[in-house]
Structures are given as structure tokens and as C-alpha cells.
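Structure assessment
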Amino acid sequence: MAQQNNLSEDIVERMFKDIAEEKLEEKPKNLKKLGLDEIALVKGQGNYCAVLVDLDKHKLIGMLPSRKQDDLRQYLETWGKEILEHIEAVSIDLWKAYHSLIKELMPQAEIIADRFHIMKAVNVELDTKRKTIKRQVIATKKKAKSEKIIQVLKKSKYVLLKNQLDLTPQQQQKLQEVKSALPVLGKMHELKEEFREIFEKSEDWSTGLTQLSDWLLTASSLFPASCQTITRWFSEIMGYFGTGITQGVVEGINNKLKLIKRLGYGFRNFDNFKLRSLLSWEFSC
């Protein structure tokens, strides 16, 4: 922009920050439903920035260069009690730091564990079992049998983890081959699909409670890690059936933030990344 308009980069940056000061408000208005999540500042380096979203307005309302609990607490406290006390629900992933901070600053808000993060835990456990079986088969001395199973397992990850209704006829056939050759994966797949349908088809809180409790009893032997996670977060998961709130809006915003980061070829200065991101939603609203 500086080159196209025969200006210095410092002048362009100052104009950018002047617009930000004029357009951006430090505190959200009429915030009822809050989404908390994070994205990696630099992929693979473990550095994350916190992302705060107004779920009703589908709008990014805050970013921090850290997701540490103390940093989040300090930022949220700047909003003041008049805002925090009116937040009715907060959607989070399965991170305990978010949970305890909400209990501390927004005790009236209902905490809702995102259904897609729970579904991811189930999928991870299913895929881990698939990998374990593959390693065991490779290690066996019965070469003819092992080659047959390995062939069945080839390209089986997608058909096992994808929603069954979205599979093509060829993928459906592959799924049936896996189920016939490896009944344990077949049973885990059926339980995975049942779990997804609980969230898709339960029409009220009581139905969700009954079906999820029944699923835990049936799946405990095949999905021990997932069942433990669900049990720990049971009340927060049940919040979904009463509100229907998910992190879907947040994930969509996170994808746009990643695009902004790519278009800028990365940002050495977090404040510039933050302003560029916040202004994107300010001008689009």
C-alpha cells in the first residue's frame, strides 16, 4: 500500500492504527453467549493466542497473544462486572483452565463443552485402535493372513472416521470389508455413529441424558478413554442439549484468522495481526 500510494510504511501503519482506534471498541456490547478457543501463532511451535467470539453476532471480539489463565483473567476483568455478569453461556473446548476461569469470573454462565471436541476424542480412540491392530498384524508370523488384513486396513481411516451417511458407495463397500474382517473395529464404528446421532437427533435435555448414559454403559469397554473424558465433562456436555451451542462459529472464525495470517505471510508483530483481524469483522458487520 505504501508503494502504490507513494507513502512511507510508517505513515501507512499510523493510518491503520488511527482507523483501528476509531472503529474498534475495547468492550463488547450486549454479549450473552461467548466462545473461547485458541489458534497457533506459528504452527508446530506450541505458541497459541486466545480467541474470543460473540456467538450470537458471529463476530470476533478479542484476541490475546497468550491463552494462559492469568492473561485471560486480566483481559476479561477489563470488561467489568457489568458485562461479565450478563453472559449467559460460554462454549469451550476441553481445557480445564477455561473452565475454572469461567467459574471464577462468570459463575452465573452455563459452561458448554463443545460437542465436536468430544466427537474428536471418540474418533481419536477409534483410529488409535485401528493403528494398534495394524501394528499387531504386521508383527504376526502368519504372513498370508497378515497380508490379507493389511490389505483390508489400507485406506480404511477415512471410511471409519467419516460420517457414514457421507460415504460414497465404494467407501461403503470398503467399510463393510473392514467390519467383516475386523469385528472389533466394526463395533467401535457402530458406537461412534450412535454417539454422533445422539447429538444430531436428541430433541431435548432428558432424551440426551438418557441416550448418553446408555451409550457410556455400552461403550465403556471399547472406548475407555473417551468414556472417562465424557464422565468428567458430563454436566458441561449436557449443556449442549439445552442450548444447542457449539464451537462451529468459533471454528469458522479461526479458519478466517488462519487465512489472514497466510495472506500477511505471517505477522512478526502480534498487535498488527490482532488489529488486522478485528477490523475484518468490524467492516463486515
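A brief structural summary. (Residues numbered from 1 in each chain as written. Predicted model: local features only at pLDDT ≥ 70, side-chain atom pairs only at ≥ 80, totals over all residues. Heavy atoms only, no water.)

Some thoughts on the pattern of salt bridges
- What the rule picks out here adds up to 14 salt bridges.
- Where Lys-157 meets Asp-127, a salt bridge forms, and the shortest distance between an N and an O atom there is 3.9 Å. Taken together, the residues Lys-157 in helix H7 (residues 157–161) and Asp-127 in helix H5 (residues 115–139) connect sequence positions 30 residues apart.
- Residues joined in a network through salt bridges with shared partners are Arg-115, Lys-192, Glu-193, Arg-196 and Glu-200. (Salt bridge = Lys/Arg side-chain N within 4 Å of Asp/Glu carboxyl O. Helix = DSSP H or I, 4+ residues; strand = E, 2+ residues; numbered from the N terminus.)

Looking at a nonpolar patch on the surface
- On the surface, a nonpolar cluster with roughly 250 Å² of combined accessible area is contributed by Leu-7, Ile-11 and Met-15.
- Its location among the elements puts Met-15 in helix H1 (residues 9–23).
- Note on Met-15: relative accessible area 43%, which makes it partly exposed. (Patch = residues over 30% accessible without salt bridge, like charges linked within 9 Å, V, L, I, M, F, W, Y side chains within 5 Å. Areas by Shrake-Rupley, 256 points an atom, 1.4 Å probe, with all protein chains shown as cover. Buried < 20%, exposed > 50% of the residue type's maximum accessible area, 1.4 Å probe, protein only.)

Some remarks on helix H2 (residues 69–77)
- Of all the positions in H2, only Leu-72, Arg-73, Tyr-75 and Leu-76 are classed as buried. One side of H2 holds all its buried residues, which, seen down the axis, span an arc of 165°. Exposed positions of H2 whose direction lies more than 90 degrees from the buried face are Asp-70 and Gln-74.
- Looking at the buried positions of H2, the neighbouring elements they touch are strand E2 (47–54), strand E3 (59–64), helix H3 (81–84) and helix H4 (96–105). (Arc of directions from axis to C-beta. Contact = heavy atoms within 4.5 Å.)

A look at unusual backbone geometry
- At Asn-6, a position not held by glycine, the phi torsion is positive, near 55°.
- Counting through the fold element by element, Asn-6 comes out in the segment before H1.
- Of the residues examined, Asn-6 reaches a relative accessible area of 72% and is grouped as exposed.

Section: the packing of helix H8 (residues 169–181) against helix H9 (residues 183–201)
- Put simply, H8 and H9 touch, their axes get as near as 5 Å, and they point 125° apart. With respect to H9, the element H8 is oriented oblique. Across the interface between the two elements, Leu-175, Val-178, Lys-179, Ser-180 and Ala-181 of H8 pack against Pro-183, Leu-185, Gly-186, His-189 and Glu-190 of H9.
- The class makeup of the residues in the contact of H8 with H9 is five nonpolar, three polar and two charged. (Axes fitted to C-alpha atoms, helices over the stretch in contact; angles between N-to-C directions. Parallel < 35°, antiparallel > 145°, perpendicular 65-115°, else oblique. Nonpolar A, V, L, I, M, F, W, Y, C, P; charged D, E, K, R; others polar.)

A short note on the pairing of E2
- Counting buried positions over the eight residues of E2 gives six, a clear majority of the element.
- The sheet contact formed by strand E1 (residues 33–42) and E2 spans eight bridges and is antiparallel. Pairing of Leu-36 across the sheet is with Leu-52, part of E2.
- Counting the residues between successive antiparallel strands, the hairpin from E2 to E3 contains four residues, one of them, His-58, with a positive phi of roughly 55°. (Pairing = 2+ DSSP bridges.)

A short note on the side chain of Arg-73
- Here Arg-73 is to be found in helix H2.
- At 2.9 Å, the side chain of Arg-73 and the side chain of Glu-104 are in polar contact.
- Residues contacting Arg-73, with those up to four places away along its chain left out, are Leu-101, Glu-104 and Leu-105. (Polar contact = N/O pair within 3.5 Å; in protein donor to acceptor, adjacent residues only side chain to side chain.)

Some remarks on the packing of H9 against helix H10 (residues 205–219)
- Where H9 contacts H10, the axes come no closer than 10 Å and their chain directions differ by 165°. Regarding the angle of H9 to H10, the classification is roughly antiparallel. In this structure, H9 meets H10 at a crossing whose hand is left-handed. Judged by residue contacts, Leu-191, Glu-194, Phe-195 and Ile-198 of H9 engage Gly-208, Gln-211, Leu-212, Trp-215, Thr-218 and Ala-219 from H10.
- When grouped by side-chain class, the residues that make up the contact of H9 with H10 number six nonpolar, three polar and one charged. (Left-handed = near helix turned anticlockwise from the far one by under 90°.)

Quick word on the packing of aromatic side chains
- The tally for this structure, following the rule as stated, stands at nine aromatic pairs.
- Between Tyr-75 and Trp-79, the aromatic rings sit 5.7 Å apart at their centres with planes inclined by 65°, giving edge-to-face as the arrangement.
- Taking the relative accessible area as the measure of exposure, Tyr-75 reaches 15% and is therefore buried.
- Ring geometry for Tyr-240 versus Phe-241: centroids 5.5 Å apart, planes at 70°, classification edge-to-face. Neither residue differs from the other here; Tyr-240 and Phe-241 are each classed as buried.
- The rings of Phe-195, Phe-199, Trp-215, Phe-223, Tyr-240 and Phe-241 are connected pair by pair, giving a single aromatic cluster.
- Between Arg-67 and the ring centre of Trp-95, over which it is positioned, the NZ or CZ distance is 4.5 Å.
- Directly above the aromatic system of Trp-281 lies the positively charged group of Lys-256, at a separation of 4.6 Å from the ring centroid. (Phe/Tyr/Trp six-rings, centres within 6.5 Å; stacked < 30°, edge-to-face > 60°. Lys NZ or Arg CZ within 6 Å of the ring centre and 35° of its normal.)

Remember that the coordinates give geometry; whether it matters functionally is a separate question.
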